[in-house]
Amino acid sequence: MRPLVGVLALQGDVVEHVAALERAGAAALLVKTPCDLERIGGLIVPGGESTTVMKLLERFELAEPIVARVRAGMPFWGTCMGMIVAAHDVAGLEQPTLDLIDIGVRRNAFGRQNESAEVDLMIPVLGSEPFRAIFIRAPWIERAGPEVDVLAERAGHGVMVRQSNVLGTSFHPELGNDLRVHEYFLEMIGRPHLHVGKASAAA
Amino acid sequence: MEHAGTPTVKRGLAQMLKGGVIMDVVTPEQAVVAQEAGAVAVMALERIPADIRAAGGVARMSSLELIQGIMDAVTIPVMAKVRIGHFAEANVLQQLGVDYVDESEVLTPADDKYHIDKHPFTTPFVCGARDLGEALRRIAEGAAMIRSKGEAGSGNIVEAVRHMRAIRDGIRELGAVPHEELVARARDLGAPLELVQSVAKDGKLPVVLFCAGGVSTPADAALMMQLGAEGIFVGSGIFKSSDSRKFAKAIVDATTHFNDANVVMEACRSLGESEAMHGIDVRTLEPAQLFAARGN
C-alpha cells in the first residue's frame, strides 16, 4: 500500500507538497482537523508564516495531537515555516513552538525577501549531485543538540537537520523539480529510525 | 552559486502566503494587531483606501519612516504600494527592503499608459486585475502575484466577485478551447500567446491569485475563497470596523476554514455586536471615483 502522507493545510504552499508527493508515488491527505491526523503515516508542515500557523494550530486544537503522534514516532518533516514550528526555540523571539526537535532556529536569518535565493546545495545523504535549494526569507539552524544530525549547510549554517523521526529543511524542495528530499522522507516513513551520518560539505 | 530575484523566488513568497490574510495597516501598532490575529503579511500605507477615497488629492507611496517603522514592528512580510507606472517609487521601496511591492490602482496613477517593467527588480510585485487578459498582461510585465482589483475602500464585495469570476471563467474557457484557437484567444485577451498556452494547459495562472477590494466580513472572505481565491487582502474592512481585533481574527479563521460552514459561522458569531465598515454602493460612484478603472 502506498503510504498516506499528511500535509498540514492551515496555510502556506500546501498543494506544491501534495503535487511533489504524488510525483514521488505517495498519496497525500490535507490535514485541517485532529480527525485527519489519525489517518496518516507521516506529516509534512509546509512553507508559510510560522506566527500565523502556530496560532491556528492552537486555535483549532491540532498542536497537542501532532506533538503526541510525533513523540510516538510518526515521521515529521517541516519545510521553512514547518521547521520553525518544530524547533525547540526561536532565537531572539518569544515565539511558541511544538518542540519536536532539539534545535534553535533564527527566523529570516539570510535576510528579507530581496535576499531570498536559489542555491546549489551539497547534501551528502542525497548523493553527490547538488540539490537546487530554494530559500525564501529562510531560517537557519542556530543551535543543534547532540542528538541532531546536520545534513546540509549553507554559508556555515545548518539548513537541513534530522533527529530520529523528525526532519527539517530551511528551504523548499516542493517548489522545484528535484524529488530527492521527498523520497528521503518517504523512506523515513518506511524506516523511521534509520541513523544518518553528518554532512561533510557545505555550499 | 546563489541566484536572488529569480521568478521562482519571487513567485515563491506568494506561494508561502496562500490560504492567508494580508491586512492593510497604517501604524506599527496596527501591524502588531494584524500579526497577533494571524495575518500572513501586512500592507504598510499612510491611509487605508476608504480614507484615501475620503481625502481626495494625489495619493502617493507612503512615507519611508512609516514603512520602516512597520517593518521593524513585525516578523511577517511587509508589502507597500507604489503608483501605477512609477518605477522610481518602486526602486525606492526595493532599496528600503520591503518584501513585496503592490503596483496599485488605489494610489493615483503616475503613468496612464504603461505599467512598470517588473522583471529587472529583485523585489517581487503584486498587481490588480479585473479579468484574465489584464492578469496575463501584468504577469507578462513581471508580476509575481495577482489580486482581483475589486473596488478598494468601498466595503462592498460585488466588484471583487465580478473580477474573480471573470478571471476564473477566463481560465476555464481557455481549458476548453481547441489548440488552434489559442492564437486568436491571445489576440482577444491582449496577452502573450505563451502565457495563454500555459493557462490552457495548467488550468490556472502561473502565479498565485488573491482576492482584494471590498472584503469586510468573515463571510466575504469565505465567499471569495470558495470562488477560487488563494488568499485574501483586507484593506479598510478591519480597521474601519468597530472592533478591529475581533474582525481581524474572525476573517483569518473564515479564510483558513472557508469550506467548513461551522467555523465560518463561529467566526461570524464571534463578532457579537461589533459592526462592519459602513460601505458604499459602488453604483453611486462617479466614473472618476472608481479605482478599478485605473490601469488596464
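Above this text you will find the structure in question.
Presented here is an overview of the structure given in this document. (Residues numbered from 1 in each chain as written. Chains lettered and ligands numbered in written order. Predicted model: local features only at pLDDT ≥ 70, side-chain atom pairs only at ≥ 80, totals over all residues. Heavy atoms only, no water.)

Here we take up the overall build of chain A. The helix and strand tally for chain A stands at 6 helices and 12 strands. For 203 residues, the compact-globule estimate of 2.2 N^0.38 gives 17 Å, and the C-alpha radius of gyration of chain A, at 15 Å, lies within 12% of that figure. Based on the C-alpha atoms only, the size of chain A along its principal axes is roughly 40 × 40 × 30 Å. Expressed as a percentage of contacts within chain A between residues at least 6 apart in sequence, the contacts between residues at least 24 apart total 66%. Accessible surface for chain A amounts to roughly 7500 Å². Of this, 52% is attributable to carbon and sulfur atoms. Considering chain A, the positive charge centre built from 19 side chains and the negative charge centre built from 25 side chains are found 2 Å apart. (Helix = DSSP H or I, 4+ residues; strand = E, 2+ residues; numbered from the N terminus. Rg over C-alpha atoms; globule rule 2.2 N^0.38 Å. Contact = heavy atoms within 4.5 Å. Areas by Shrake-Rupley, 256 points an atom, 1.4 Å probe, with all protein chains shown as cover. Lys, Arg positive; Asp, Glu negative; His and termini not counted. Charge placed at Lys NZ, Arg CZ, Asp CG, Glu CD.)

A separate point is helix α7 (residues 158–176) of chain B. Under the 1.5 Å per step criterion, the end-to-end length of α7 of chain B is 27 Å for 19 residues, consistent within 8% with the ideal 27 Å. If you check which residues of α7 of chain B are buried, you get Glu159, Ala160, Val161, His163, Met164, Ile167, Gly170, Ile171 and Leu174 of chain B. (Expected span 1.5 Å × (residues − 1). Buried < 20%, exposed > 50% of the residue type's maximum accessible area, 1.4 Å probe, protein only.)

All names here are of chain B. Summed over all chains, the structure comprises 3 cavities of 30 Å³ or more. For the largest cavity, the calculated volume is near 190 Å³. Taken together, 23 residues line the largest cavity, and the ones lying closest to its centre are Asp24, Ala152, Ala212, Gly213 and Gly235. Looking at the lining of the largest cavity, the elements that each hand over two or more residues are β9 (232–234) and α11 (236–239). Class assignment of the residues belonging to the lining of the largest cavity gives a composition of 9 nonpolar, 8 polar and 6 charged. In this structure, the second largest cavity encloses a volume near 130 Å³. (1 Å grid on protein atoms, 1.4 Å probe; cavity = no way out; pocket = protein on both sides within 12 Å on 5 of 7 lines; lining within 4 Å. Points joined across faces, edges and corners; volume = space filled by probe spheres on them. Nonpolar A, V, L, I, M, F, W, Y, C, P; charged D, E, K, R; others polar.)

In this complex, chain B contributes 42 residues to the contact, which on the side of chain A involves 35 residues. Carbon and sulfur atoms supply 51% of the area buried between chain B and chain A, which totals about 3100 Å² over both sides. Where chain B meets chain A, there are 24 residue pairs in polar contact (both at pLDDT 80 or more). For the side of chain B that touches chain A, the elements supplying multiple residues, two or more each, are β1 (2–4), α1 (7–16), α2 (28–37) and α12 (244–256) of chain B. In terms of residue count, α1 of chain B provides more of the side of chain B that touches chain A than any other element does, 7 residues in total. In this structure, strand β7 (residues 117–121) of chain A lies alongside β1 of chain B, joined through 3 bridges in antiparallel fashion. Its bridge partner lying in β1 of chain B, valine 119 of chain A is registered against glutamate 2 of chain B. (Buried area = accessible area lost by both parts, 1.4 Å probe. Polar contact = N/O pair within 3.5 Å; in protein donor to acceptor, adjacent residues only side chain to side chain. Pairing = 2+ DSSP bridges.)

Counted under the stated rule, the structure contains 7 aromatic pairs over all chains. Taking the centre distance of 5.7 Å and the plane angle of 50° together, the rings of tryptophan 77 of chain A and phenylalanine 185 of chain A count as tilted. Residue tryptophan 77 of chain A is found in strand β4 (residues 76–79), and its partner phenylalanine 185 of chain A is found in helix α6 (residues 180–190); the two are separated by 108 residues along the sequence. Through a chain of ring-to-ring contacts, the aromatic side chains of Phe110, Phe131, Phe135, Trp140 and Phe171 of chain A assemble into a single cluster. Above the face of the phenylalanine 110 of chain A ring, arginine 154 of chain A is positioned so that its terminal group lies 4.1 Å from the ring centre. A cation over a ring is seen here: arginine 53 of chain B above phenylalanine 291 of chain B, with NZ or CZ 4.2 Å from the ring centre. (Phe/Tyr/Trp six-rings, centres within 6.5 Å; stacked < 30°, edge-to-face > 60°. Lys NZ or Arg CZ within 6 Å of the ring centre and 35° of its normal.)

So yeah, pure geometry; function would need other evidence.
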